[in-house]
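The lines below spell out each chain.
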Amino acid sequence: DRSFKKFLEFVTDQTQGPVELILNGDIFDFDSVMTLPEVKEVEISWLEKKRGLNAEESKSRFKLSVILNDHPVWIEAIRDFILKGNRVVFVIGNHDMEFHWSSVQQDLLDAINLPPERRGLFRFCEWFYISNADTLIEHGNQYDDYCMSQNPINPLIRKSNKVFVRLPFGNLAGRYIMNGLGLFNPHVDSSFIKS
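Since the structure is predicted, the reported quantities are computational estimates derived from the model, not experimental observations.

Student: Talk me through the packing of aromatic side chains; I want residue IDs and the actual numbers.
Tutor: A complete count under the given rule lists eleven aromatic pairs for this structure. Seen in terms of ring centroids, F4 and W74 are 5.9 Å apart; in terms of plane orientation they differ by 15°. Their pairing is stacked. You can see F4 sitting in helix α1 (residues 2-14) and its partner W74 sitting in helix α4 (residues 72-83), a full 70 residues away along the chain. Ring plane angle 65° and centroid distance 5.2 Å describe the contact between F28 and F99, whose orientation is recorded as edge-to-face. Note that F28 is positioned in the loop between β1 (20-24) and α2 (46-51) and F99 in the loop between β2 (87-91) and α5 (102-112), a separation of 71 residues in sequence. Classification of F99 as buried rests on a relative accessible area of 0%. Members of the aromatic cluster, joined through ring pairs, are F4, F28, F30, W74, F90, F99, F122 and F124.

See the structure below:
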């Protein structure tokens, strides 16, 4: 996070006028969050306890809060960058598809804590972004059979009276395999290899 902050400061110092920063997906890895909410009213399945919460709206919001709590320097860096008049475009990738929930987007904007007149300088794009009317920017997961979304503009589905973000096969496979190994998750202290 500190390197990212130094990078943004360098870019701002080295340029004249506003800078457009494009965060091209997978900035947040919702799939690797294994922390569970302490609220007992939240229904959590046995599989979610072992592999991570589903991509339901309230659970996505909780996962974002876990990630943001671990990265205050990143939040501060983005805020300072935007307050200097720069723009941020967030293209949603396959690991942060849970930003398709407008409430999750709002939670990030609330954490960045921009004044109302600056909130328009941070925007989300569902799949791709065209910068300066001549540069196409895509995350690229749509070109990978295992990571593509069936509907990258609106991946929400209803199943058993619940609405979920439909995650790509590769994300689900990674969640069920990698999270099951228990050695690679930066959001759960008990997953680190210890001596």
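Student: Describe α1, with residues and values.
Tutor: The terminal C-alpha atoms of α1, which comprises 13 residues, lie 18 Å apart, in line with the 18 Å expected from a rise of 1.5 Å per residue. Among the residues of α1, F4, K5, L8, V11 and T12 are the ones counted as buried. Within α1, the buried residues cover an arc of 125° as seen down the axis, which keeps them to one side. In α1, the exposed residues that point more than 90 degrees away from the buried face are R2, S3, K6, F10, D13 and Q14. In this structure, the buried residues of α1 make contact with β1 and α4.

Student: For the pattern of salt bridges, give the residues involved together with the corresponding values.
Tutor: This model, assessed by the stated rule, comprises ten salt bridges. Note that R87 and E20 form a salt bridge whose closest N and O atoms lie 3.7 Å from each other. Taken as a pair, R87 in strand β2 and E20 in strand β1 lie far apart in primary sequence, 67 residues in all. In this structure, K59 and E48 form a salt bridge, with 2.9 Å as the shortest nitrogen-oxygen distance. Of this pair, K59 sits in helix α3 (residues 57-69) while E48 sits in helix α2, and the two are eleven residues apart along the sequence. The exposure class assigned to K59 is buried, which follows from its relative accessible area of 4%. Through salt bridges with shared partners, a single ionic network connects D31, K63, E98 and R175.

Criteria and cut-off values
Residues numbered from 1 in each chain as written. Predicted model: local features only at pLDDT ≥ 70, side-chain atom pairs only at ≥ 80, totals over all residues. Heavy atoms only, no water. Phe/Tyr/Trp six-rings, centres within 6.5 Å; stacked < 30°, edge-to-face > 60°. Helix = DSSP H or I, 4+ residues; strand = E, 2+ residues; numbered from the N terminus. Buried < 20%, exposed > 50% of the residue type's maximum accessible area, 1.4 Å probe, protein only. Expected span 1.5 Å × (residues − 1). Arc of directions from axis to C-beta. Contact = heavy atoms within 4.5 Å. Salt bridge = Lys/Arg side-chain N within 4 Å of Asp/Glu carboxyl O.

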